[in-house]
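# Residue-level structure breakdown
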Amino acid sequence: MEKSLIYQDKNVKKYLVKFDKEEIDKLENRIAKYINSNYTFEGFRKGKVPKDIVKLRLGNEFQEMLLEEAEHELEHKISEEEKILFPIIIESSSIDNDIIEFEIILHTYPNIISTNFEDMVVKVPDSKGIVEEYINQRLNELLESNVILEPKNGPIEYGDFVRLEYYVIDSQGNIIEEKNELEVVVREQDPRPLIKALIGKSNGDEFEVEIPQNETENEENKETLITKAKVVQIYSRKMPELNDNFVKELNIEVETLSDLKEKIRKEGEEAVKDWQEQFIINYILSEIPNYVEIDISPETLNYYVESSINDLKTKGNYESQLEKFNNDENKLIEDIKNSALKWIKEIIVIENIANENNITVTEEELNQAIKNFGSMYGLSYARALEIVNSNHQILEELAWNELRIKVAKFIKEMVKIEEIEDTEKSNEDKEANELINQDQENQISEETNEQNMKDSTQE
């Protein structure tokens, strides 16, 4: 295959590609072998039809098959020689005098002009305040989970624990939802009408609450639903005293309050460390395009815009997307260009850094990514592996995401990381909650992975 450059604008290249007679003979032989394996010709045994007879019998159809086979060969060889962003664009093709010619356009990877990751500053919240709030919330959780319930005869107040029976009916009295039981702590910040209606009720009281309808439903089709409830039992909640005796009753590894706080502190510090690491990695990945300059042709961005808009129109999504930009197509085009530029920068920089520094995704790392994929969708490891192996795109996405993370960790060594004091307690509360939730999710994930391994063994 002979490839001659006709035109180039930065990363956009136009080539004239020729297949000579020897290459064409190989393609023809391949087609003839396929025809012989799948079809029969009158007067010939199956698989024994000479190539010339196949060409003669098929005529123009054989020429079309030859051109199609040459396109496949072209795509295969180009993918080995060039790193391309989009599929090959074939502008023209011809067969003449034992020569096949193609005029093709390639949008190759742009050259990287510069990177300046050393100028990136990642600001993460100061860990001290978050750890202290983490300790407080953990202790409150322990107290809440060991609260003492005492039957109460007076009216329901905020903070009480209540057992209810309820069922749901429509406006005609038809039962929509059968009788259920509900146990709830009546908290002031709980917005549910049923909970608000509990205040002042006593044991045995029966009452009704109208269920608010979804605002997006058609007004004409709305039907009023009613919750009919009965208070079964009210309990006052007595919080245990946080002291050494309380800790001993927990039957955990520690026996004193100070030891418990120290244990939770270590958990919090480890959780903060993991959280900060993830925060930094995510920040770096989101900011990579802003610290990279590439030499890209406007033709590439225009091609991406045109393809994206055509795709939106084909799928019937163009008008809804345009509305997001106040029906200004120029703004939509600019947004698509910016998205394309970010995507292209990320791809070429991550691949470039990975290649230059021998950063690869190991089989063990990919295997763990598959396990995490399974856990996310509640699948056993064996089932997740089956899905991934049957869908190459999912496998590539998992591998690519792992590579992105490893490259971000490499870039992390270049950036400046600053801890900033967070004076807003609400932010500390939020971050502490995130740590607690993340810690609980990790525990669940570990348990799920263990179960997945058991499931895969059983399967």
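As a starting point, this report considers the structure included with it.

### A look at the packing of helix H8 (residues 298-314) against helix H10 (residues 329-356)
The interhelical angle for the contact between H8 and H10, taken along N-to-C directions, is 120°, at an axis separation of 9 Å. Considering how the two elements wind past one another, H8 and H10 form a crossing that is right-handed. Residues Thr300, Leu301, Asn302, Tyr304, Val305, Ser308 and Ile309 of H8 lie in contact with H10, whose contacting residues are Glu329, Ile333, Ile336, Lys337, Ala340, Leu341, Trp343 and Ile344. Of the residues contributing to the contact of H8 with H10, the split by class is ten nonpolar, three polar and two charged.

### Some remarks on the sheet that holds strand E2 (residues 12-19)
The strand order across the open sheet formed by four strands is E1-E2-E4-E3, and the pairing between neighbours is antiparallel. Looking at the sheet topology across the chains shown, the edges are occupied by strand E1 (2-9) and strand E3 (89-96). Ignoring strand direction, the axes of neighbouring strands in this sheet form an average angle of 15°. The sheet contact formed by E1 and E2 spans seven bridges and is antiparallel. Looking at E2, one finds that Asp9 is bridged to Val12.

### Some thoughts on unusual backbone geometry
Of note, Lys10 is a non-glycine position whose phi angle comes to about 55°, a positive value. Mapped onto the elements of the fold, Lys10 is located in the loop between E1 and E2. Take Lys10: its relative accessible area is 40%, and that puts it in the partly exposed class. Of note, Asn327 is a non-glycine position whose phi angle comes to about 60°, a positive value. Residue Asn327 is classed as exposed on the basis of its relative accessible area, which comes to 51%.

### Some points on the packing of aromatic side chains
Inspection of the entire model under this criterion finds eight aromatic pairs. Aromatic pair Phe19 and Phe102: ring centres 6.1 Å apart, planes at 80°, arrangement edge-to-face. Of this pair, Phe19 sits in strand E2 while Phe102 sits in strand E4 (residues 99-107), and the two are 83 residues apart along the sequence. The residues Phe19 and Phe102 share a single accessibility class, namely buried. Clustering of aromatic rings is evident, with ring pairs tying together Phe86, Tyr303, Tyr304 and Trp343. In this arrangement the basic side chain of Lys313 is found over the ring face of Tyr318, its NZ or CZ atom lying 4.9 Å from the centre.

### Re helix H11 (residues 363-376)
For an α-helix, 3.6 residues make a turn, and residues three or four places apart therefore share a direction. The terminal C-alpha atoms of H11, which comprises 14 residues, lie 20 Å apart, in line with the 20 Å expected from a rise of 1.5 Å per residue. Those residues of H11 not exposed but buried are Ala369, Ile370, Lys371, Phe373, Gly374 and Ser375. In the segment just after H11, Gly378 is the residue with positive phi, at about 65°.

### Some remarks on the packing of helix H2 (residues 51-58) against helix H3 (residues 60-81)
The geometry of H2 relative to H3 is characterised by a closest axis approach of 5 Å and an angle of 110° between their N-to-C directions. Between H2 and H3, the interaxial angle falls into the category roughly perpendicular. Side by side, H2 and H3 meet where Val54, Lys55 and Leu58 of the first sit next to Asn60, Glu61, Phe62 and Met65 of the second. By residue class, the composition of the contact of H2 with H3 is four nonpolar, one polar and two charged.

### A short note on the side chain of His107
By secondary structure assignment, the location of His107 is in strand E4. Polar side-chain contacts of His107 include one of 2.9 Å to the side chain of Thr300. Discounting residues that sit within four places of it in the chain, His107 has contacts with Asn11, Val12, Lys83, Ile84, Leu85, Phe86, Ile89, Glu299, Thr300 and Tyr303.

### Description of the nonpolar core
One finds Phe117, Ile284, Ile288, Val407 and Ile411 to be the most contacted residues of the largest nonpolar core, which totals 31 residues. Among the elements of the structure, strand E6 (121-125), helix H7 (257-287), strand E12 (292-295), H10 and helix H13 (392-412) are those that each provide at least two residues to this core. Element by element, the count of residues in this core is highest for H10, at eight residues. Counting 21 residues, the second largest nonpolar core, distinct from the first, contains Tyr15, Ile35, Phe41 and Phe102.

### Some words on helix H1 (residues 21-38)
Between its first and last C-alpha atoms H1 spans 26 Å; for 18 residues at 1.5 Å apiece the expected length is 26 Å, and the two agree. By the burial criterion, the buried members of H1 are Glu23, Ile24, Leu27, Glu28, Ile31, Ala32, Ile35 and Asn36. Buried residues belonging to H1 abut E2, H2, H3 and E4. The distance from a side-chain oxygen at the start of H1 to the backbone nitrogen of Glu22 is 3.3 Å, and the residue carrying that oxygen is Asp20.

### Comments concerning the environment of Asp170
Topologically, Asp170 is positioned in strand E8 (residues 161-170). Exposure remark for Asp170: the relative accessible area of 6% places this residue in the buried category. Separated by 56 residues in sequence, Asp170 and Ile226 place their C-alpha atoms 6.1 Å apart. Within the structure, the side chain of Asp170 is placed 2.8 Å from the backbone nitrogen of Asn174, a separation counted as a polar contact.

What counts, and at which threshold
Residues numbered from 1 in each chain as written. Predicted model: local features only at pLDDT ≥ 70, side-chain atom pairs only at ≥ 80, totals over all residues. Heavy atoms only, no water. Axes fitted to C-alpha atoms, helices over the stretch in contact; angles between N-to-C directions. Helix = DSSP H or I, 4+ residues; strand = E, 2+ residues; numbered from the N terminus. Left-handed = near helix turned anticlockwise from the far one by under 90°. Contact = heavy atoms within 4.5 Å. Nonpolar A, V, L, I, M, F, W, Y, C, P; charged D, E, K, R; others polar. Pairing = 2+ DSSP bridges. Buried < 20%, exposed > 50% of the residue type's maximum accessible area, 1.4 Å probe, protein only. Phe/Tyr/Trp six-rings, centres within 6.5 Å; stacked < 30°, edge-to-face > 60°. Lys NZ or Arg CZ within 6 Å of the ring centre and 35° of its normal. Expected span 1.5 Å × (residues − 1). Parallel < 35°, antiparallel > 145°, perpendicular 65-115°, else oblique. Polar contact = N/O pair within 3.5 Å; in protein donor to acceptor, adjacent residues only side chain to side chain. Core = buried A, V, L, I, M, F, W, Y, C linked by side-chain atoms within 4.5 Å.

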